[in-house]
Amino acid sequence: MYCEYAHSMGFSVRKEHLSYWIHTRIIKCRAFCCAKAGLKRVRPSPKKYRKLETRTGCLACIYFTTDTEGRNWTVTKFVEEHNHPLAMENEQHLLRSARSISKMQGSLIKNLTDAGVKTVHAYNFLSNEVGGFENVGFSKSDAYNFVQREKKALIERGDSLSLLKILQEKQLEDNMFSYDVRTDELSRLTSFFWMDGQSKIDYDCYGDVVIFDTTYRLNKYNLACAPFIAVNNHWQNVFVGGAFISEESIDSFCWVFNTFLKFVGGKLPTTIFTDQDQAMAVAIERVFTGTRHRLCQWHISKKAPSKVPCFNNEKTVRGLFYQCMSKCDSELEFDRYWNEMISRGNLQENRWLGDLHRARRNWSTAFNKDVLDLGILSTQRSESANNGLHGCSKATSTLVECFMGLDKLVGSWRRGERDEDFRCKQGAVSLKVRSCAMLKHVSKFYTSKMFVRFEQAFMEGAAGVCVVDETRHDEDNYLYVTKLCDGSDDKRWFVSYNSKTNETACSCRGFETRGILCKHILRIYNLKNLREIPPVYLLKRFCRDAKKGIYLPNTPGIIECNSNLIFRNHLMRFAYDLANRVENSKDAKAHVLGRLHVLANEADEIVEAVEMRRRGLSDENDKNTPLVRDPVKKKPKGISNARLKGYWETGSKKPSKTINLLKIVITLIN
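The chain carries the name Protein FAR1-RELATED SEQUENCE 7 in an unreviewed UniProt entry, which gives Platanthera zijinensis as its organism.

Structure below.
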């Protein structure tokens, strides 16, 4: 009541005296005063920025007293006069006691900032919704303070303990969620790893080829982000596990890989792609025994011009190098092109190429034709995860902010996967050749993205591959020699075919590496007028129902919403529609209101019971959670907290040598 009066008059209110009846918590006296009441002590401050002095010793106030039951309130003192000018009508929204962020406004600001919207833009959105800044109810600085309080609330127990609490809560929500942490001798967090239920399912379906990289260090502890990325049936990134590590050593990588295998039941990936990190290579050899380790060709090709200078001038030598990287079908072909490159460029003494040749089995496709790699040549998919994390993390980010940022990125990937699943179920791919029975058959099996890749190989085989020779070994087995029709390459590919079982194999080994039949085999199938692809050549990982029959945790229901704002809007629309249906019936309105009161009481009981259970579990987790201290704060390389200097500040303040010499000459003359 006093605040409404004060705001209409143009002054702000502050709480003052409060007393209780003896041995009770019933208020006896409550006083409110003008915000400018009293005077502050004048203290010299060395700070450049000093707050304005707002106290004027104003005596305006009001005193309330109550009876012993606290029901009847009586005004015992009221001072109306002020010793300062009052705020005008168009300034009253700036009064401190008139500014507050409601629960709904706070929820909206939090949801917008969590979605990546800047605080100032969220504040502008609210002002547009209510018709101006003066109608929002709080200032821009209040919005910034609210966002900072929310961030601090996430780490109120310390960064590491707050992170552990979040991981424990996720484990309560998802019974397949697993995590592990690692500390040093001082109980400081050095590494942590996590994998949720969806990641385990994705790894079970698509974990044959995994990309692992650690290239992102942008947080206050300089921890490296190390995600495990796989490729799904829509040719999209899927997150199958993640870690943050303090140092990229053999011991750290061994711990990450062992933890990863522990959470997936010991199932090894067929192929893993990494960069040229020696510690990572040693750890993979120790832990992922039987997994083919491949190096990122992009990193190698990026280093090549600086390590081999003749690549910048000799296009032929550079072309031979790229031929060795990904265009050789056999080890003999690789050796031929490599020796020709060394000879043409006189590179016999180049140490970098020598080291690269010794590790050729880890980067050249010619030595990896017997294992599945999906045609991947680099770790760029892992780089995309780091780029996505760059938008929600900075040099001062906490562990909680980095974890939540990556979790949000993974959520967007999974939404994209669900969108593609929906598109595949609701529509059919348009065929380039509608009368082709083979394309019709495959289009019902593959997803849209994978069918496009298959169709491209089919069309290239039909129009660009010629059969040079046919040899019949016996009644069922044939050997075909194929080449490109345009004559751009003299290479020959040999395709063996069994007419009884329709089994086939090609010297390019395209199916063994990519999982989809190559254009040479498809040319032979077209020649033999096959209407369907044999089931053995249709991998389930690429089909529309790759996850069919696998339990999916936390499958959303009809009204289940992860966002409080979405749930609130859904409930408001439902209530609005219900009100429109019953507004013309008095009995219906009375019935709905009565049932809503009953429903509200039942909901309160459920919420209270859930909160008590959560509080009990939280207390139990607090007791069981070991004391983990935050990592040592480190500044990432190249990051400075110093203020950026202006143009005139960057100039040299030291006098030039010419001026110094001139001064010496003048001094000698004098």
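Don't stop here, the text continues.
Next up on the list: the overall build of the chain. Counting secondary structure elements, the chain contains 21 helices and 15 strands. Every one of the 670 residues in the chain was classed for burial, and the buried ones make up 40%. For the chain, the accessible surface area stands at approximately 40200 Å², while carbon and sulfur atoms represent 53% of it.

Buried residues dominate strand β9 (residues 237-245), accounting for nine of its nine residues. Sheet analysis places strand β6 (residues 189-195) next to β9, joined by four bridges and oriented antiparallel. Across the sheet, the residue bridging to Trp194 is Gly242, located in β9. Bridging between strand β8 (residues 224-231) and β9 involves seven bridges; their strand directions are antiparallel. Its bridge partner being in β9, Ala226 is matched across the sheet by Ala243. Following β8, the chain reverses through five residues before pairing antiparallel with β9; Trp235 in that reversal takes a positive phi of roughly 60°.

So, about the packing of aromatic side chains. Applying the stated rule across the entire model yields 39 aromatic pairs. The interplanar angle of 40° and the centroid separation of 5.2 Å between the aromatic rings of Phe311 and Phe321 together place this pair among those described as tilted. Here Phe311 is found in the loop between α9 (297-307) and α10 (315-326), whereas its partner Phe321 is found in helix α10, with 10 residues between them in sequence. Ring geometry for Tyr478 versus Tyr480: centroids 6.1 Å apart, planes at 20°, classification stacked. We classify Tyr478 as buried; its relative accessible area is 11%.

Quick look at the nonpolar core now. By size, the foremost hydrophobic cluster in this structure holds 63 residues, and its most contacted members are Trp194, Met438, Tyr446, Phe454, Tyr525 and Ile533. In this structure Ile533 touches Met438, His441, Val442, Phe454, Leu517, Leu522, Tyr525 and Leu538, once residues within four positions along its chain are discounted.

A word on the sheet that holds β8. Judged by pairing direction, the sheet is mixed, and its seven strands sit side by side in the order β5-β6-β9-β8-β7-β10-β11 without closing on themselves. In the strand order of this sheet, the two ends are held by β5 (178-183) and β11 (292-295), each with one partner. Across the sheet, the axes of successive neighbouring strands diverge by a mean angle of 20°, strand direction being ignored. Bridge analysis of strand β7 (residues 209-212) against strand β10 (residues 271-274) gives three bridges, and the strand direction is parallel. Opposite Ile211, over in β10, you have Phe273 as the bridge partner. Against the sheet, helix α5 (residues 159-173) touches β5 and β6, its axis set at about 160° to β5.

Turning to the confidence of the model for the chain, a few remarks are in order. Per-residue confidence for the chain gives a mean pLDDT of 84; residues scoring 70 or more make up 84%. Note that pLDDT drops below 50 for residues 551-563; the model gives that stretch 16 contacts with residues more than four away or on any other chain. For residues 639-652, every residue scores under 50 in pLDDT, and the model assigns this stretch six contacts once sequence neighbours within four places are set aside.

Taken as a whole, this structure holds three cavities of 30 Å³ or more when the rule is applied. Taken as a whole, the second largest cavity spans an internal volume of roughly 50 Å³. Every residue along the wall of the second largest cavity is listed here: Trp194, Asp196, Ser199, Phe239, Leu406, Asp407, Val410 and Arg414. With four residues, the top contributor of residues to the lining of the second largest cavity is helix α14 (residues 399-426). Residue composition of the lining of the second largest cavity, by class: four nonpolar, one polar and three charged.

Take the sheet that holds strand β3 (residues 61-66) next. Read from one edge of the open sheet, four strands run β1-β2-β3-β4, paired in antiparallel fashion. If you trace the sheet from one side to the other, it starts and ends with β1 (13-20) and β4 (73-79), each paired once. Going from strand to strand, the sheet's axes swing by 15° on average, the running direction of each strand aside. As judged from the five bridges shared by strand β2 (residues 27-34) and β3, these two strands associate in the antiparallel manner. In the strand pairing of β3, Ala31 is matched with Tyr63. Together, β1, β2, β3 and β4 form the strand contacts of helix α1 (residues 2-9), whose direction differs from that of β1 by roughly 155°.

Thresholds, definitions, all that
Counting of residues starts from 1 at the beginning of each chain's written sequence and follows it residue by residue. Local features are withheld for residues below a pLDDT of 70 in this predicted model, meaning they are given only at 70 or higher, and side-chain atom pairs are given and counted only at 80 or more; totals for whole chains, interfaces and linings count all residues. With hydrogens and water excluded, all non-hydrogen atoms of the structure serve as input to the side-chain values. Under the DSSP-based scheme used, a helix requires at least four consecutive residues in state H or I and a strand at least two consecutive residues in state E, with every element numbered from the N terminus. Residue burial is assigned from relative accessible area. The probe radius is 1.4 Å, only protein chains are included, and a residue is buried under 20% of its type maximum, exposed over 50%, and partly exposed in between. Each accessible area value is a Shrake-Rupley result obtained with a 1.4 Å probe; residue values ignore everything except the protein chains displayed when judging cover. Should DSSP find at least two bridges between two strands, the strands are taken to pair. Any two rings among Phe, Tyr and Trp, with Trp reduced to its six-membered ring, count as a pair given centres within 6.5 Å; such a pair is stacked if its planes are under 30 degrees apart, edge-to-face if over 60, and tilted if neither. Throughout this description, the term nonpolar core refers to a set of buried Ala, Val, Leu, Ile, Met, Phe, Trp, Tyr and Cys residues connected via side-chain atoms within 4.5 Å. In this description, contact between two residues means that some pair of their heavy atoms is separated by no more than 4.5 Å. To get an axis, a line is fitted to the C-alpha atoms, and for a helix only the part in contact is used. The angle between two axes follows their N-to-C directions and goes from 0 to 180 degrees. Scored from 0 to 100, pLDDT records how confident the predictor is in each individual residue. In this analysis a 1.4 Å probe is tested at points of a 1 Å grid over the protein atoms alone, and where it fits but cannot get out there is a cavity; an open set with protein on both sides within 12 Å along at least five of seven lines is a pocket; lining residues have an atom within 4 Å of a point. Grid points are joined across faces, edges and corners, and a volume is the space filled by probe spheres set on the points. As a working rule, the residues Ala, Val, Leu, Ile, Met, Phe, Trp, Tyr, Cys and Pro are called nonpolar, Asp, Glu, Lys and Arg charged, and the rest polar, with Gly in that last group.

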